[in-house]
Amino acid sequence: SQTIHQWPATLVQPVGSPLSLECTVEGTSNPNLYWYRQAAGRGLQLLFYSIGIDQISSEVPQNLSASRPQDRQFILSSKKLLLSDSGFYLCAWSVRGLAKNIQYFGAGTRLSVL
Amino acid sequence: AQTVTQSQPEMSVQEAETVTLSCTYDTSESDYYLFWYKQPPSRQMILVIRQEAYKQQNATENRFSVNFQKAAKSFSLKISDSQLGDAAMYFCAYRRLSNTGNQFYFGTGTSLTVIP
């Protein structure tokens with residue numbers, strides 16, 4: 001069966017510090033991968049999605065970046081965090097192609113920038 | 001551009017009663033997928049139900065069913081025999097039927113409270 005791991009679960013970082021959130025998927029190959037941010041009391045905002053290694057699309061311009069060094073690894077990064085980067089970050093995956101279109105989510109990372 | 005609107009920020013229902021959460025979307029596509037996701041306090045996103053736009057029959061999963069009105073671009077979720085464990089944030093989502101566009105578009109969510 002497929003599983004998605006996301007860590008850390010909780011992170012408190014000072015303004016201006018770097019960020020690295022990691023997400024890995026097991027039990028599947030060539031998944032589509034996604035990073036979302038959920039601000040308090042709001043819906044999900046798609047940040048990045050990837051259809052393959054080093055193939056990443058950014059939905060919203062900001063000081064975050066994403067990388068996919070391996071097929072099932074998706075990393076969300078920042079060189080200098082802003083207060084506005086606080087929120088709940090969710091990684092998700094879906095099967096490549098049209099056969100299945102369900103998106104499966106990780107447990108999320110709660111990021112507090114102080 | 002595709003947008004998903006959930007006009008009910010909060011809803012409440014008595015235990016064992018039925019509640020309907022509304023969702024509308026805007027698209028120029030003819031084929032697509034629609035989803036309802038549940039996010040309990042644990043924040044884990046859980047798929048509740050999925051509907052293919054080309055199917056006229058409304059999807060059903062146990063106590064959860066949808067009312068899909070394609071012409072009206074409406075996709076409501078009905079929860080029957082509500083249980084305390086149904087209390088959560090519910091998100092409606094849209095996905096294009098395309099290999100080139102893999103984005104899912106989410107609504108802002110409806111917070112459901114189940115009253116014992």
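Note that the structure is predicted; figures quoted are calculated from it, not measured.

Trainee: So what exactly am I meant to see when it comes to the sheet that holds strand β1 (residues 3-7) of chain A here?
Mentor: Backbone-to-backbone hydrogen bonds join strands into a sheet, with any given pair of strands oriented parallel or antiparallel. All names here are of chain A. Reading across from one edge, β1-β3-β8-β7 is the order of the four strands in this open sheet, with antiparallel pairing throughout. The open sheet has two edge strands with one neighbour each: β1 and β7 (64-70). Geometrically, the sheet is characterised by an average inter-axis angle of 15 degrees between neighbouring strands, direction not taken into account. Relative to strand β3 (residues 19-26), β1 runs antiparallel, the two sharing five bridges. For Trp7, the partnering residue across the bridge sits in β3 and is Glu22.

Trainee: What should I look at first to understand the state of the cysteines in this one?
Mentor: Residue and element names in this part refer to chain A. Under the counting rule described, the total for this entry stands at two disulfides over all chains. A sulfur-sulfur distance of 1.9 Å marks the disulfide that ties Cys23 to Cys91. Taking the sign of the S-S torsion, -75 degrees for the link of Cys23 and Cys91, the bridge is left-handed. One end of the pair, Cys23, is in strand β3; the other, Cys91, is in strand β9 (residues 87-94), with 68 residues separating them in the sequence.

Trainee: Explain the packing of aromatic side chains to me, please; I cannot follow it from the model alone.
Mentor: Aromatic ring pairs: the centre-centre distance and the angle between the two ring planes describe each pair. One pass over the structure, following the stated rule, counts 18 aromatic pairs over all chains. A ring pair is formed by Trp93(A) and Tyr104(A), whose centres lie 5.0 Å apart and whose planes are at 25 degrees; its orientation type is stacked. Of this pair, Trp93(A) sits in strand β9 while Tyr104(A) sits in strand β10 (residues 103-105), and the two are 11 residues apart along the sequence. With a relative accessible area of 2%, Trp93(A) lands in the buried category. Given the relative accessible area of 33%, Tyr104(A) is considered partly exposed. Ring centres of Tyr37(B) and Phe106(B) lie 5.8 Å apart, and the angle between their planes is 50 degrees; on these two criteria the pair is classed as tilted. Residue Tyr37(B) is found in strand β5 (residues 32-39), and its partner Phe106(B) is found in strand β11 (residues 104-106); the two are separated by 69 residues along the sequence. Residue class for Tyr37(B) comes out buried when judged on its relative accessible area of 1%. Among the aromatic residues, those joined into a ring-pair cluster are Tyr34(A), Tyr36(A), Phe105(A), Tyr33(B), Phe35(B), Tyr37(B), Phe104(B) and Phe106(B).

Trainee: I would appreciate a short explanation of the side chain of Asp71(A) in the present structure.
Mentor: All names here are of chain A. Within the secondary structure, Asp71 is located in the loop between β7 and β8 (73-78). Here Asn30 takes part through its backbone nitrogen, which lies 2.8 Å from a polar atom of the side chain of Asp71. In this view, Asp71 contacts Ser29, Asn30, Pro31, Leu33 and Ile53; residues no more than four positions away in its chain are not counted.

Trainee: Hey, could you run me through unusual backbone geometry in this one?
Mentor: With the exception of glycine, the majority of residues adopt a negative phi angle, and the majority of peptide bonds are in the trans configuration. Across the junction of Trp7(A) and Pro8(A), the peptide omega takes the value 0 degrees, indicating a cis bond. Position of Pro8(A) relative to the elements: it lies in the loop between β1 and β2 (10-13). Of note, the phi angle at Asn62(B) is positive, near 55 degrees, even though the residue is not glycine. Mapped onto the secondary structure, Asn62(B) falls in the loop between β7 (60-61) and β8 (64-69).

Thresholds, definitions, all that
- Residues numbered from 1 in each chain as written.
- Chains lettered and ligands numbered in written order.
- Predicted model: local features only at pLDDT ≥ 70, side-chain atom pairs only at ≥ 80, totals over all residues.
- Heavy atoms only, no water.
- Pairing = 2+ DSSP bridges.
- Helix = DSSP H or I, 4+ residues; strand = E, 2+ residues; numbered from the N terminus.
- Axes fitted to C-alpha atoms, helices over the stretch in contact; angles between N-to-C directions.
- Disulfide = S-S within 2.5 Å.
- Phe/Tyr/Trp six-rings, centres within 6.5 Å; stacked < 30°, edge-to-face > 60°.
- Buried < 20%, exposed > 50% of the residue type's maximum accessible area, 1.4 Å probe, protein only.
- Polar contact = N/O pair within 3.5 Å; in protein donor to acceptor, adjacent residues only side chain to side chain.
- Contact = heavy atoms within 4.5 Å.

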